Amino acid sequence: MINVTKTFLPPFDEYTAVLKRAWNISWITNNGILVHELEQELKQFLHVPNLLFAANGTVVLQIALKALGITKEVITTPFSYVATTNAILWEGCKPVFVDIDNATLSIDADKIEAAITADTQAILATHVYGIPCNVEKIQEIADKYKLKVIYDAAHAFGCVYKGKSLLSYGDISTCSFHATKVFHTVEGGAIICNDEELNKKLFLLRSFGHMGDDYYSIGINGKNSEFHAAMGLVNLKHVQQILEQRKMLSEYYTDKLLSLNITKPLLPDGLVYNYSYYPVIFATEIQLLKAINGLKKISVNPRRYFYPSLNRLPFIKDQTIMPISESVSSRVLCLPLYNDLAKKDIDLICTQLLIQ
Ligand SMILES: *Cc1c(COP(=O)(O)O)cnc(C)c1O
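Conventions adopted
Residues numbered from 1 in each chain as written. Predicted model: local features only at pLDDT ≥ 70, side-chain atom pairs only at ≥ 80, totals over all residues. Heavy atoms only, no water. Near = heavy atom within 4 Å. Polar contact = N/O pair within 3.5 Å; in protein donor to acceptor, adjacent residues only side chain to side chain. Areas by Shrake-Rupley, 256 points an atom, 1.4 Å probe, with all protein chains shown as cover. Nonpolar A, V, L, I, M, F, W, Y, C, P; charged D, E, K, R; others polar. Pairing = 2+ DSSP bridges. Helix = DSSP H or I, 4+ residues; strand = E, 2+ residues; numbered from the N terminus. Contact = heavy atoms within 4.5 Å. Axes fitted to C-alpha atoms, helices over the stretch in contact; angles between N-to-C directions. Core = buried A, V, L, I, M, F, W, Y, C linked by side-chain atoms within 4.5 Å. Buried < 20%, exposed > 50% of the residue type's maximum accessible area, 1.4 Å probe, protein only. Domains from an automatic or database assignment. Parallel < 35°, antiparallel > 145°, perpendicular 65-115°, else oblique. Left-handed = near helix turned anticlockwise from the far one by under 90°. Disulfide = S-S within 2.5 Å. Arc of directions from axis to C-beta. Salt bridge = Lys/Arg side-chain N within 4 Å of Asp/Glu carboxyl O. Patch = residues over 30% accessible without salt bridge, like charges linked within 9 Å, V, L, I, M, F, W, Y side chains within 5 Å.

### Looking at the site of the ligand
Neighbouring the ligand are 16 residues, the closest being Gly-57, Thr-58, Asp-152, His-155 and Lys-181. For the ligand, an oxygen atom lies 2.7 Å from a polar atom in the side chain of Ser-176. The fraction of the free accessible surface of the ligand (380 Å²) that becomes covered by protein chains is 92%. In terms of residue class, the shell around the ligand is made up of 4 nonpolar, 10 polar and 2 charged.

### Section: the sheet that holds strand S17 (residues 332–334)
Pairing in this open sheet of 3 strands is antiparallel, and the strands run S13-S15-S17 from one edge to the other. Looking at the sheet topology across the chains shown, the edges are occupied by strand S13 (262–263) and S17. In terms of strand pairing, strand S15 (residues 279–282) meets S17 through 3 bridges, oriented antiparallel. Residue Val-280 lies in a different strand from S17, and its bridge partner there is Leu-333. Helix-sheet contacts for helix H8 (residues 285–297) involve S15 and S17, and the interaxial angle to S17 is about 25 degrees. Packed on one face of the sheet, helix H9 (residues 323–331) meets S15 and S17 and runs near 50 degrees to S17.

### Points about the nonpolar core
In terms of nonpolar packing, the biggest core is built from 69 residues, with Leu-42, Ile-75, Phe-79, Ile-112, Tyr-129, Ile-138 and Phe-157 touching the most fellow members. No other element matches helix H7 (residues 226–256), which puts 8 residues into this core. Built from parts of two domains, this core gets at least three residues from each of domain 1 (2–233) and domain 2 (239–354). If we ignore the near neighbours within four places in the chain, the residues touching Phe-157 are Leu-42, Phe-45, Leu-46, Cys-175, Phe-177, Phe-183, Leu-236, Val-239 and Asn-274. By size, the runner-up hydrophobic cluster in this structure holds 25 residues, among which are Ala-55, Ile-70, Leu-124 and Leu-205.

### As for the pairing of strand S3 (residues 73–76)
Moving residue by residue along a regular strand, the side chains alternate between the two faces of the sheet. Judged by which residues are buried, S3 turns out to be covered on both faces: Glu-73 and Ile-75 on one side and Val-74 and Thr-76 on the other are all buried. Pairing between S3 and strand S5 (residues 120–126): 4 bridges, direction parallel. Within S5, the residue paired with Ile-75 across the bridge is Ile-123.

### Let's talk about the packing of H7 against helix H10 (residues 343–354)
Interaxial distance between H7 and H10 falls to 10 Å at its minimum, and their mutual angle equals 30 degrees. Taken together, the axis directions place H7 and H10 in an arrangement best described as roughly parallel. Once H7 is placed against H10, the crossing between them reads as right-handed. The segment H7 lies against H10, with Met-248, Leu-249, Tyr-252, Tyr-253 and Lys-256 engaging Lys-343, Ile-346, Asp-347, Ile-349, Cys-350 and Leu-354. Taken together, the residues of the contact of H7 with H10 break down into 8 nonpolar, no polar and 3 charged.

### A look at the state of the cysteines
Here is the idea: a disulfide is a covalent bond, and it sits between the sulfur atoms of two cysteines. Taken as a whole, this structure holds 0 disulfides when the rule is applied. Here Cys-175 is not cross-linked by a disulfide; its sulfur's nearest cysteine counterpart is in Cys-159, at 9.3 Å. On the basis of relative accessible area, Cys-175 is assigned to the buried category, the value being 1%. Free of any disulfide, Cys-334 has its nearest neighbouring cysteine sulfur in Cys-159, separated by 14 Å.

### Remarks on helix H3 (residues 59–67)
When you tally the buried positions in H3, you get 8 out of 9 residues, the bulk of the element. Considered for burial, the residues of H3 that qualify are Val-59, Val-60, Leu-61, Gln-62, Ile-63, Ala-64, Leu-65 and Ala-67. Gly-69 lies just past H3 and shows a positive phi near 70 degrees.

### Let's talk about helix H5 (residues 135–145)
Taken residue by residue, H5 has Val-135, Ile-138, Ile-141 and Ala-142 as its buried positions. Looking straight down H5, one finds its buried side chains confined to an arc of 130 degrees; they lie on one side. Seen from the buried face of H5, the exposed residues on the opposite side, beyond 90 degrees, are Glu-140, Asp-143 and Lys-144. On its buried side, H5 packs onto S5, strand S6 (148–152) and strand S7 (160–161). The first or second residue beyond H5 is Lys-146, which carries a positive phi of 55 degrees.

### A short note on the pattern of salt bridges
All told, the structure shown has 14 salt bridges when counted by the stated rule. A salt bridge links Glu-285 to Arg-304; its shortest N-O distance comes to 2.9 Å. Within this pair, whereas Glu-285 is found in helix H8, its partner Arg-304 is found in the loop between strand S16 (300–301) and H9, the two being separated by 19 residues in sequence. The exposure class assigned to Glu-285 is partly exposed, which follows from its relative accessible area of 29%.

### Some thoughts on a nonpolar patch on the surface
Residues Ile-25, Trp-27 and Ile-33 make up a contiguous nonpolar surface patch of about 260 Å² in total accessible area. Relative to the helices and strands, Trp-27 is located in the loop between helix H1 (12–24) and helix H2 (33–46). Residue Trp-27 is classed as partly exposed on the basis of its relative accessible area, which comes to 38%.

### A short note on the sheet that holds S3
Hydrogen bonds between backbone atoms are what pair the strands of a sheet, whose relative direction is either parallel or antiparallel. Here 7 strands make up an open sheet; going across it, the order is S2-S10-S9-S6-S5-S3-S4 and the pairing mixed. At either end of the open sheet lies a strand with only one pairing partner, and these are strand S2 (50–54) and strand S4 (94–97). Within the sheet, the average angular offset between the axes of one strand and its neighbour, ignoring direction, is 25 degrees. Sheet analysis places S5 next to S6, joined by 5 bridges and oriented parallel. Each bridged residue has a counterpart across the sheet, and for Leu-124 the counterpart in S6 is Ile-150.

It is worth stressing that arrangement in space is one thing and function is another; only the former is reported here.
Here you go:
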């Protein structure tokens, strides 16, 4: 079985060697040496000033909304993983969907202003597949209407846009280090911001709102452990090679699929991409379903990622139609892409897709 993704696991001894440092001093959670070291190394690798390692890529969205005092309407994308919408709802806010751009598949910045009301407080957009949102236009709108900007950058690890880390745009960016992502810590995530004061607030929110015996604010348990940090420290040593391998495999796919009637999302100029996914968009849903069936026959398991369009989730009250997001969602497929995917497996997949 070839799955859409396969978790990268480093040599076991590399993991235990790092973990042993925490084990030896019996300090396995609560911001120990490995968490601290991972945060320092991630800041360097990603070129961001502040970064907090957290439990996962969902709680960081909740913490971001909480830290910025968001309680009402949040303008957001319908084309993302369900966690983006859920975080807004979980925080008691209202998601207001704005359709996506046909080319980059991120929120269409030109449609945001029309969705702003007196209750709008923030824009929460996803750099979907690691492809940047229109960050300049979004910031312009945010400045004009005094809105906060949060980026769900769960797919954007290692992406550089216009000379800066893609994670450094907006008031807060969040990342996921889940086992299925380009860089992982088994479970994990991060909150990134440029502002020192905001970072202190985020630090407190992540750890019950207190430091030692001093209690400052409400808080949640969004911390992560030394076991997870150890995985991160080891994987960070491999991540450059992983990114290069994914680029090579993606380009191999692209060569092989030249004659197939599909489109791919547009990578804008000025992007150093991380090849976090290999999404292809079929002309019709019927062609997509045919492709899935064909691939299943040769034991390949691609993923309809993202489907359905989030405005169609059964628990969304206001089911406004999002024509582009709904159309793309019904036709997009992520093909298998992971570090040790063999070229001959890509040959197999592409041959199957081409004989439909
Ligand atoms: C994976 C993902 C998340 C959630 O991250 P977890 O670490 O699994 O909680 C959030 N948003 C997007 C866009 C994702 O792909």
